[in-house]
Amino acid sequence: MNWDDIQDLERRVLMDGESLVLTDELRDILRLRAAEVALPAPATEQSLQAEATARVLLEEIARRIREGSVRLGRATSQAYKHQQAGDNEAARRVLEAILDVEVVPHYRDVAQIQLEALDEE
């Protein structure tokens, strides 16, 4: 999944202080990315009505991407270590724990694929 546009926007707006100007193109990007991180469409549409609420939406999208990535990376590393030690059950528990908390569909899919790969061994 390529979320470079959100990461760039987060850097420019949230870190560098650039103004968030709500163009139709930006609304489309935020709408698409919000759906990709499982934010409800009605709340997204409400957020796209003003720059202040769109900024909060951007923050939430970026947070879900960042935290989900870190969570998945850690879990993948832990699962791999367990797997290398011959403890597939511990690896399975780590990946199942991610599925219990992760909301971003892409990250859930990756964890599910890894879990299914364990079952194939």
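Up top you'll find the structure we're talking about.
Below: a short report on this structure. (Residues numbered from 1 in each chain as written. Predicted model: local features only at pLDDT ≥ 70, side-chain atom pairs only at ≥ 80, totals over all residues. Heavy atoms only, no water.)

Before going further, it helps to spend a moment on the packing of aromatic side chains. This structure, assessed with the given rule, holds 1 aromatic pair. Relative to Y107, the ring of W3 has its centre 5.6 Å away and its plane inclined at 75°; by these criteria the two rings are edge-to-face. With a gap of 104 residues between them, W3 in the segment before helix 1 (4-15) and Y107 in helix 6 (residues 105-120) connect regions that are remote in the sequence. With relative accessibility at 5%, the residue W3 sits in the buried group. (Phe/Tyr/Trp six-rings, centres within 6.5 Å; stacked < 30°, edge-to-face > 60°. Helix = DSSP H or I, 4+ residues; strand = E, 2+ residues; numbered from the N terminus. Buried < 20%, exposed > 50% of the residue type's maximum accessible area, 1.4 Å probe, protein only.)

When you line up the elements, S47 lands in helix 3 (residues 41-47). In contact with S47, not counting residues within four places along its chain, are T53, A54 and L57. (Contact = heavy atoms within 4.5 Å.)

Glancing now at the pattern of salt bridges. Applying the stated rule across the entire model yields 15 salt bridges. A salt bridge links D16 to R11; its shortest N-O distance comes to 2.9 Å. Using a relative accessible area of 38% as the deciding quantity, one classes R11 as partly exposed. One salt-bridge network, in which partners are shared between bridges, spans D8, R11, R12, D16 and E18. (Salt bridge = Lys/Arg side-chain N within 4 Å of Asp/Glu carboxyl O.)

Over its 14 residues, helix 5 (residues 88-101) extends 21 Å from the first C-alpha to the last, a length consistent with the 20 Å expected when each residue adds 1.5 Å. Every buried residue of helix 5 is accounted for by A90, A91, R92, V94, L95, I98 and L99. On the buried face of helix 5, the contacting elements are helix 4 (51-84) and helix 6. (Expected span 1.5 Å × (residues − 1).)

Let us now look at the nonpolar core. I6, L9, L30, V37, L57, I61 and I65 are the most contacted members of the largest nonpolar core, which has 31 residues in total. Beyond its immediate stretch of four places on either side in the chain, V37 contacts W3, I61, R64, I65, V103, V104 and P105. (Core = buried A, V, L, I, M, F, W, Y, C linked by side-chain atoms within 4.5 Å.)

Interaxial distance between helix 4 and helix 6 falls to 10 Å at its minimum, and their mutual angle equals 10°. What the angle tells us is that helix 4 and helix 6 run roughly parallel. Residues R64, I65, G68, S69, L72, T76 and Q83 of helix 4 touch helix 6, and the partners they reach there are Y107, V110, A111, Q114 and L118. Looking at the contact of helix 4 with helix 6, its residues break down into 6 nonpolar, 5 polar and 1 charged. (Axes fitted to C-alpha atoms, helices over the stretch in contact; angles between N-to-C directions. Parallel < 35°, antiparallel > 145°, perpendicular 65-115°, else oblique. Nonpolar A, V, L, I, M, F, W, Y, C, P; charged D, E, K, R; others polar.)

The subject of this paragraph is the environment of Q78. Along the chain, Q78 turns up in helix 4. The spatial distance from the C-alpha of Q78 to the C-alpha of I98 is 11 Å, given a sequence separation of 20 residues.

It is worth spelling out unusual backbone geometry at this point. In this structure, A38 takes a positive phi of about 65° despite not being glycine. Considering the arrangement of structural elements, one finds A38 in the loop between helix 2 (24-36) and helix 3. Here A38 falls in the partly exposed class, since its relative accessible area comes to 35%.

That is the geometry; function is a separate question.
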